[in-house]
Amino acid sequence: MINFANLADKYGTPLYVYNFDTITERFNLLKDSFKARKSLICFAVKANSNLSVLKHIASLGGGCDCVSIGEVKRALHAGIAKYKIIYSGVGKRDDEIEEALKKDILMLNLESEEEMARVEAIASKLRVVARISVRVNPNIDVKTHPYISTGLHENKFGVEVDVAKRMYIKAKYSEFLEPVGIHFHIGSQIVEVEPFREAGVVLSSLLRSLRALDIDIKFFDIGGGVGIRYENEETISLYEYAQSILASLGGVDVTIVCEPGRYLVGECGYFLTKVLYEKNNGVKRFVVVDGAMNDLIRPSLYSAYHEVELLNSSNEDVSEADIVGPICESGDFLAKKRALPKTKHNDLIVVKNAGAYGFTMSSNYNTRARVAEVALEGENDRLIRRRESFEDIIALEKDFL
Ligand SMILES: *Cc1c(COP(=O)(O)O)cnc(C)c1O
């Protein structure tokens, strides 16, 4: 059991707490499920980009999937090997492409023909060969929140299969491009195997036709998207997930790359917040806490459900309440309509499964300092990001007064 009261005393609230042992366990489970093949697990940095988290991933032998040059630099800074770093994303600036090429990372994941032309031009200017993969949109409908579904024609991501094929052929004959990977990422928080199976079939078929054209694809990148249990969702069996991909590949010899974000870090994380006071307007009961949507925006942004627990409460006076933050927005809530015992000032509430897309999506809205982050390993806890101060927040403005 994690002693949240101790952590709150030691580091203050609101606070993010990550159990690194859970990350290790998840990483190994995923790695094991692909053990029949060569595989590379590239953690999606956007889910949780704390340097110590990335360093931990590096210690497990993992790589990183990045969606900005900033994330590439974070990964390198944390000790991720350059040949385990992928740079994805639907829009890359010239200077970002140039820097990624100079850093000689594993590959750039391309999402349009025009982007490929930019990469080729920049590689030619630098006199280097750019290793690339193409993100293919297999047009598969994934039952998840529309904001996190990415594999349909109507989404901005990837290119159609026939366009991808054209791009690979063009790349093969370019002096400055080397096609090494093929990629799909169909969405996030996916809790069934079927969409992965369907995407695997579409992409393996493209892979075979590329091989037939003598285009030597080495990396079969199946993206991320494996969901976790926030409420009572059924979750994917990793065995079936891996098997569905392996079956579609048949005997083709490729290294499987997978880009889990949420699956690796979602359940390792807790957001700890303190009760300020309760208010009841006769119609509704609100528990006002010191954490807010600027710290954890998933409930406001995606109507996401996070389990919440009031710690050390012996009060049996339970009723329905919304847990809300201090921000001046009606959308500022962490949980709605939860059965919660009567709370008192300074009671602790822990919001669970908050390790993915929590801190990374936080902001300074309402001039609130970004919170501290703490890692747990075995019996030990340690600070991995200090709480921001008011000075930190105004640092980039104060000299212009
Ligand atoms: C966001 C993203 C991921 C990770 O998604 P999860 O649902 O967190 O696993 C992987 N690959 C790409 C290209 C992404 O954009």
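Everything quoted here is computed from the prediction, not taken from an experiment. (Residues numbered from 1 in each chain as written. Predicted model: local features only at pLDDT ≥ 70, side-chain atom pairs only at ≥ 80, totals over all residues. Heavy atoms only, no water.)

1. Overview of the packing of aromatic side chains
Stage number 1. A full pass over the atoms with the stated rule returns six aromatic pairs.
Stage number 2. Measuring from centroid to centroid gives 6.1 Å for Tyr-16 and Tyr-18, while their planes differ by 25°, and the two rings are stacked.
Stage number 3. Under the relative-accessibility criterion, Tyr-16 is labelled buried at 0%.
Stage number 4. Ring-pair connections join several aromatic residues into one group, and the members of that group are Tyr-16, Tyr-18, Phe-271 and Phe-359. (Phe/Tyr/Trp six-rings, centres within 6.5 Å; stacked < 30°, edge-to-face > 60°. Buried < 20%, exposed > 50% of the residue type's maximum accessible area, 1.4 Å probe, protein only.)

2. Concerning the layout of surface pockets
To locate leftover empty space, one rolls a probe as large as a water molecule over the atoms.
Stage number 1. Each pocket or cavity is described by its volume, and for the second largest pocket that value is around 300 Å³.
Stage number 2. Residue lining of the second largest pocket: 16 residues in total, with Ser-49, Asn-50, Arg-74, Phe-359 and Thr-360 positioned closest to the centre.
Stage number 3. Listing elements by their share of the lining of the second largest pocket, those giving two or more residues are helix 4 (69-77) and strand 17 (380-385).
Stage number 4. Top element by residues in the lining of the second largest pocket is helix 4. It accounts for three residues.
Stage number 5. Taken together, the residues of the lining of the second largest pocket break down into three nonpolar, seven polar and six charged.
Stage number 6. A domain split of the lining of the second largest pocket shows at least three residues from each of domain 1 (4-15 + 267-400) and domain 2 (34-260). (1 Å grid on protein atoms, 1.4 Å probe; cavity = no way out; pocket = protein on both sides within 12 Å on 5 of 7 lines; lining within 4 Å. Points joined across faces, edges and corners; volume = space filled by probe spheres on them. Helix = DSSP H or I, 4+ residues; strand = E, 2+ residues; numbered from the N terminus. Nonpolar A, V, L, I, M, F, W, Y, C, P; charged D, E, K, R; others polar. Domains from an automatic or database assignment.)

3. Points about the domain arrangement of the protein chain
Stage number 1. Per the domain assignment, the segments of the protein chain are domain 1 (4-15 + 267-400) and domain 2 (34-260).
Stage number 2. Just the C-alpha atoms count here: the centres of domain 1 and domain 2 sit 33 Å apart.
Stage number 3. Opposite the 18 residues of domain 1 that make contact, domain 2 presents 16 residues.
Stage number 4. Of the roughly 1,500 Å² buried at the junction of domain 1 and domain 2 (both faces included), carbon and sulfur atoms supply 51%.
Stage number 5. It is Tyr-302, Tyr-305 and Tyr-357 in domain 1 that bury the most area against domain 2; as a group they hold 35% of the surface buried on that side.
Stage number 6. Our enumeration of links across domain 1 and domain 2 arrives at zero salt bridges.
Stage number 7. Counting the contacts that link domain 1 with domain 2 gives seven residue pairs in polar contact (both at pLDDT 80 or more).
Stage number 8. Of all the secondary-structure elements, those providing two or more residues to the side of domain 1 that touches domain 2 are helix 11 (298-302), strand 16 (372-377) and strand 17.
Stage number 9. Class assignment of the residues belonging to the side of domain 1 that touches domain 2 gives a composition of six nonpolar, five polar and seven charged. (Contact = heavy atoms within 4.5 Å. Buried area = accessible area lost by both parts, 1.4 Å probe. Salt bridge = Lys/Arg side-chain N within 4 Å of Asp/Glu carboxyl O. Polar contact = N/O pair within 3.5 Å; in protein donor to acceptor, adjacent residues only side chain to side chain.)

4. What to know about the site of the ligand
Stage number 1. Neighbouring the ligand are 14 residues, the closest being Lys-46, Ser-188, Gly-225, Glu-259 and Tyr-357.
Stage number 2. One of the side-chain N or O atoms of Lys-46 is found 2.7 Å from an oxygen atom in the ligand.
Stage number 3. For the ligand, a nitrogen atom lies 3.2 Å from a polar atom in the side chain of Asp-65.
Stage number 4. Class assignment of the residues belonging to the shell around the ligand gives a composition of three nonpolar, six polar and five charged. (Near = heavy atom within 4 Å.)

5. A short note on the packing of helix 2 (residues 20-33) against helix 3 (residues 51-59)
For any two helices packed against each other, the geometry comes down to the angle between their axes and how far apart the axes lie.
Stage number 1. Packing of helix 2 against helix 3 brings their axes to within 11 Å, and their N-to-C directions diverge by 40°. Relative to helix 3, the element helix 2 is oriented oblique. As for how helix 2 packs across helix 3, the hand of that crossing is right-handed. Across the interface between the two elements, Phe-20, Ile-23 and Thr-24 of helix 2 pack against Ser-52, Val-53, His-56 and Ile-57 of helix 3. (Axes fitted to C-alpha atoms, helices over the stretch in contact; angles between N-to-C directions. Parallel < 35°, antiparallel > 145°, perpendicular 65-115°, else oblique. Left-handed = near helix turned anticlockwise from the far one by under 90°.)

6. Details of the pairing of strand 17
Consecutive residues of a regular strand have side chains that alternate between opposite faces of the sheet.
Stage number 1. Pairing geometry for strand 16 and strand 17, over five bridges, is antiparallel. The partner of Ala-375 across the bridge, within strand 17, is Arg-382.
Stage number 2. Between strand 16 and the antiparallel strand that follows it, strand 17, lie two residues; Gly-378 among them carries a positive phi value of about 55°. (Pairing = 2+ DSSP bridges.)

7. Observations concerning the nonpolar core
Stage number 1. In this structure, Phe-34, Ile-182, Phe-220 and Tyr-241 are the most contacted members of the largest nonpolar core, which totals 99 residues.
Stage number 2. The two domains that each donate at least three residues to this core are domain 1 (4-15 + 267-400) and domain 2 (34-260).
Stage number 3. By size, the runner-up hydrophobic cluster in this structure holds 15 residues, among which are Tyr-11, Leu-15, Tyr-270 and Val-350. (Core = buried A, V, L, I, M, F, W, Y, C linked by side-chain atoms within 4.5 Å.)

8. Description of unusual backbone geometry
One can expect most non-glycine residues to show negative phi and most peptide bonds to be in trans.
Stage number 1. A cis amide bond, omega -10°, links Thr-13 with the succeeding residue Pro-14.
Stage number 2. Relative to the assigned elements, Pro-14 resides in the loop between helix 1 (4-11) and strand 1 (15-19).
Stage number 3. A positive phi angle, close to 70°, is found at Asp-214, a residue other than glycine.
Stage number 4. Within the fold, Asp-214 resides in the loop between helix 8 (194-212) and strand 8 (219-221).
Stage number 5. The exposure class of Asp-214 is exposed, given its relative accessible area of 60%.
Stage number 6. For Tyr-357, which is not glycine, the phi dihedral falls at a positive 55°.
Stage number 7. Here Tyr-357 shows up in the loop between strand 15 (348-351) and strand 16.

9. Observations concerning the pattern of salt bridges
Stage number 1. Taken as a whole, this structure holds 29 salt bridges when the rule is applied.
Stage number 2. Between Glu-267 and Arg-26 there is a salt bridge, and its shortest N-O distance comes to 3.2 Å. With Glu-267 in the loop between helix 10 (262-265) and strand 10 (269-280) and Arg-26 in helix 2, this residue pair connects regions lying 241 residues apart in the sequence.
Stage number 3. Taking relative accessible area as the criterion, Glu-267 reaches 25% and is therefore assigned partly exposed.
Stage number 4. Taking the relative accessible area as the measure of exposure, Arg-26 reaches 14% and is therefore buried.

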